[in-house]
Amino acid sequence: MATWGRFLLGSVLLLAGCAAADPTTTAAGDASTPAAGGTAATPAATASVRTATGCASRVETGSLPDWADAGFHGDTRMPHVFGARGDIVAVLFAHPLALARPDGSNNKILWVARSATTSPDPTAPATLVITATLDGTDTTVTREVAGGPGPSIIDMPRAGCWHLELRWGGRTDTMDLVYVERKP
């Protein structure tokens, strides 16, 4: 019985290590992502997830929150990633995001911001500015979505986990997105 227990414990640890090594997978109930309409975890909790997996944000596949489902019909289930503060969601029309797509599709992301609880800064630019840094490197790129959160095609120059700082209309949030390399 003791041998079986060690085998079972070793198997669980091995599987946990494999899941943690793959930045595209996270355990259910990851505290770094807010539940639909909920609030995000504390920065310390997010940092511990980032250390373990390389990417703190996980791709949700359940229903979009009510504040983000305008224009969709019924119980819309789209892959999406919440910002760490819960102020923005990236709805992924292509999942996983990829450097190249053999089928000719693109990395379409619909950015939906939660309604502001305070009056927006009238002097702040509406453009959504995305400053993305590749995990573990000093590689940084900037992308912009004119007019603020909305539909976009966001490509990155390399595969990996990209830490995004998002700024729009005087508001900010962060999230991580994984881009994979696809072979044709």
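Preceding this paragraph is the structure being described.
First things first, this report covers the structure right here in the doc. (Residues numbered from 1 in each chain as written. Predicted model: local features only at pLDDT ≥ 70, side-chain atom pairs only at ≥ 80, totals over all residues. Heavy atoms only, no water.)

What follows concerns the overall build of the protein. Each helix and strand counted, the protein has 2 helices and 9 strands in total. For the protein, the N- to C-terminal ordering of α and β elements is α-α-β-β-β-β-β-β-β-β-β. Out of the 184 residues in the protein, the part that is buried amounts to 37%. When contacts within the protein are restricted to residue pairs at least 6 apart in sequence, long-range pairs at least 24 apart make up 52% of them. As displayed, the protein has an accessible area near 10,100 Å², and 59% of this comes from carbon and sulfur atoms. (Helix = DSSP H or I, 4+ residues; strand = E, 2+ residues; numbered from the N terminus. Buried < 20%, exposed > 50% of the residue type's maximum accessible area, 1.4 Å probe, protein only. Contact = heavy atoms within 4.5 Å. Areas by Shrake-Rupley, 256 points an atom, 1.4 Å probe, with all protein chains shown as cover.)

To continue, consider unusual backbone geometry. Here the bond from His-95 into Pro-96 is cis, since omega is 5°, no more than 30 degrees from zero. Tracing the backbone shows Pro-96 in the loop between strand 2 (88–92) and strand 3 (97–98).

Attention now goes to the pairing of strand 2. Each regular strand displays side chains that alternate between the two surfaces of the sheet. The buried fraction of strand 2 amounts to 5 of the 5 residues, a majority that puts the element mostly inside the structure. A two-sided burial pattern is seen for strand 2, the buried positions comprising Ile-88, Ala-90 and Leu-92 on one face and Val-89 and Val-91 on the other. The pairing of strand 1 (residues 80–82) with strand 2 spans 3 bridges and is classified as antiparallel. Residue pairing for strand 2: His-80 is matched across the bridge by Val-91. Linking strand 1 back to strand 2 in an antiparallel pair, the connection comprises 5 residues, with Gly-86 at a positive phi of about 80°. (Pairing = 2+ DSSP bridges.)

Keep in mind these numbers describe shape, not what the thing actually does.
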